[in-house]
Amino acid sequence: VLDVAGGLLVDLGLALAATSTAGRACPDLGAAASARALGAVLAAVAPAQEVLPAIGREHRMSGSAGMASLPEMLGLSPRAWDERGLEVFEAADGSRRSDVAAVGLTSVSGLLGLAVQWRPSSGGERSAPVTVVVLTNELSAALVPQRILAEVAASLGLPPLAAFPG
C-alpha cells in the first residue's frame, strides 16, 4: 500500500508521542500519520473499491469520568476498523449496521483531521471513489473537521456518514 502511494509522510512528533504512551494507550495510525499522508494513500490505492466489514469496534464505558468521558461528552461516535486497519464509516441513512459507505482514518477521532474515501456509487453516477481530506492545525472541541467534511459531502452529493452528523 505504501509503495503504491509513494511512501507515507509521518509526523515524527506524533509518532514519538504515540510510542511513548504505548504502555498506557493503544495508538492507531491516526496518532502517527497526517490526514494529508493518508489522503495520498487513499487516492493511490482506492481501498473503497473493496469495502470490508468492520472486525473491531471501539468500546465506550457508560458512566466513565474524566478524560475517558470526553468522546461521549463531545458526541463523537465510537469508531470501527476493518482488517486493513482503516476506519469504516456507515451511511447515516443505512438501514443495516453493515452498510459501509466510506473508509478512511481520523486523527484524534476527527477533532484534528480526517481523510475519508467514499465508495463508488452503485447507480453509476460516480464510477470512481471520492477522497476528502480535512486538515486543521488546532485541536478543538468545535468539531471543525467533521463540520467541513459534512459540508463538502453535501455539496458533492455524497451520502452523509453516521459518524459525522451534519
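Residues numbered from 1 in each chain as written. Predicted model: local features only at pLDDT ≥ 70, side-chain atom pairs only at ≥ 80, totals over all residues. Heavy atoms only, no water.

Visitor: Which residues make up the overall build of the protein chain, and what values go with them?
Guide: Secondary structure summary: the protein chain contains four helices and six strands in total. When the helices and strands of the protein chain are placed in sequence order, the string is α-α-β-α-β-β-β-β-β-α. For the protein chain, the proportion of its 166 residues judged to be buried stands at 36%. Excluding contacts between residues fewer than 6 apart, the proportion of contacts in the protein chain whose partners are at least 24 apart in sequence is 57%. (Helix = DSSP H or I, 4+ residues; strand = E, 2+ residues; numbered from the N terminus. Buried < 20%, exposed > 50% of the residue type's maximum accessible area, 1.4 Å probe, protein only. Contact = heavy atoms within 4.5 Å.)

Visitor: Can you lay out the pattern of salt bridges for me, pointing to particular residues and giving the numbers?
Guide: Across all of its chains, the model carries four salt bridges by this definition. Between Arg79 and Glu58 there is a salt bridge, and its shortest N-O distance comes to 3.2 Å. Highlighted residues: Arg79 in the loop between α3 (70–73) and β2 (80–81) and Glu58 in the loop between β1 (56–57) and α3, separated in sequence by 21 residues. Between Arg79 and Glu87 there is a salt bridge, and its shortest N-O distance comes to 3.9 Å. The burial state of Arg79 is the same as that of Glu87; both residues are buried. Sharing partners across several salt bridges, the network here consists of Glu58, Arg79 and Glu87. (Salt bridge = Lys/Arg side-chain N within 4 Å of Asp/Glu carboxyl O.)

Visitor: Explain the side chain of Glu87 residue by residue, including any values.
Guide: Relative to the helices and strands, Glu87 resides in strand β3 (residues 87–90). Judged by its relative accessible area of 2%, Glu87 is buried. Separated by 2.8 Å, the side chains of Glu87 and Thr106 make a polar contact. The contact partners of Glu87, leaving out residues within four places of it in the chain, are Arg79, Ala80, Trp81, Ala102, Val103, Gly104, Leu105 and Thr106. (Polar contact = N/O pair within 3.5 Å; in protein donor to acceptor, adjacent residues only side chain to side chain.)

Visitor: Break down the nonpolar core for me, citing the residues and quoting the values.
Guide: By size, the foremost hydrophobic cluster in this structure holds 16 residues, and its most contacted members are Phe89, Val116, Trp118, Val132, Leu149, Leu161 and Phe164. At the level of secondary structure, the elements contributing two or more residues to this core comprise β4 (100–107), β5 (113–118), β6 (130–135) and α4 (144–156). Beyond its immediate sequence surroundings of up to four residues, Trp118 is in contact with Ala48, Ala101, Ala102, Pro129, Val130, Val132, Leu149, Ala153, Leu158, Pro159 and Leu161. Judged by nonpolar contacts, the second largest core, of six residues, contains Ala80, Leu86, Val88 and Val103. (Core = buried A, V, L, I, M, F, W, Y, C linked by side-chain atoms within 4.5 Å.)

Visitor: Go over the side chain of Gln117, please, and point to the residues and values.
Guide: Among the structural elements, Gln117 can be located in strand β5. Accessibility expressed as a relative area gives 1% for Gln117, which makes it buried. A polar side-chain atom of Gln117 sits 3.0 Å from the main-chain amide nitrogen of Ala48. Sequence-distant contacts of Gln117, defined by excluding residues within four places in its chain, comprise Leu42, Ala43, Ala46, Pro47, Ala48, Ala101, Ala102, Val103, Pro129, Val130 and Thr131.

Visitor: Hey, could you go over the pairing of β5 for me, with residue numbers and the actual values?
Guide: Along β5, six of the six residues are buried, which leaves the element largely enclosed by surrounding structure. Residues of β5 alternate between two faces, with Gly113, Ala115 and Gln117 on one and Leu114, Val116 and Trp118 on the opposite face, all of them buried. Inspection of the sheet shows β4 paired to β5 by six bridges, in the antiparallel sense. Across the sheet, Ser107 pairs through a bridge with Gly113, a residue of β5. In textbook terms, the turn of a hairpin is the stretch between consecutive antiparallel strands, and for β4 and β5 this stretch comprises five residues, one of which, Val108, has a positive phi near 55°. Relative to β6, β5 runs antiparallel, the two sharing six bridges. Looking at the pairing, Leu114 lines up with Val134 of β6. (Pairing = 2+ DSSP bridges.)

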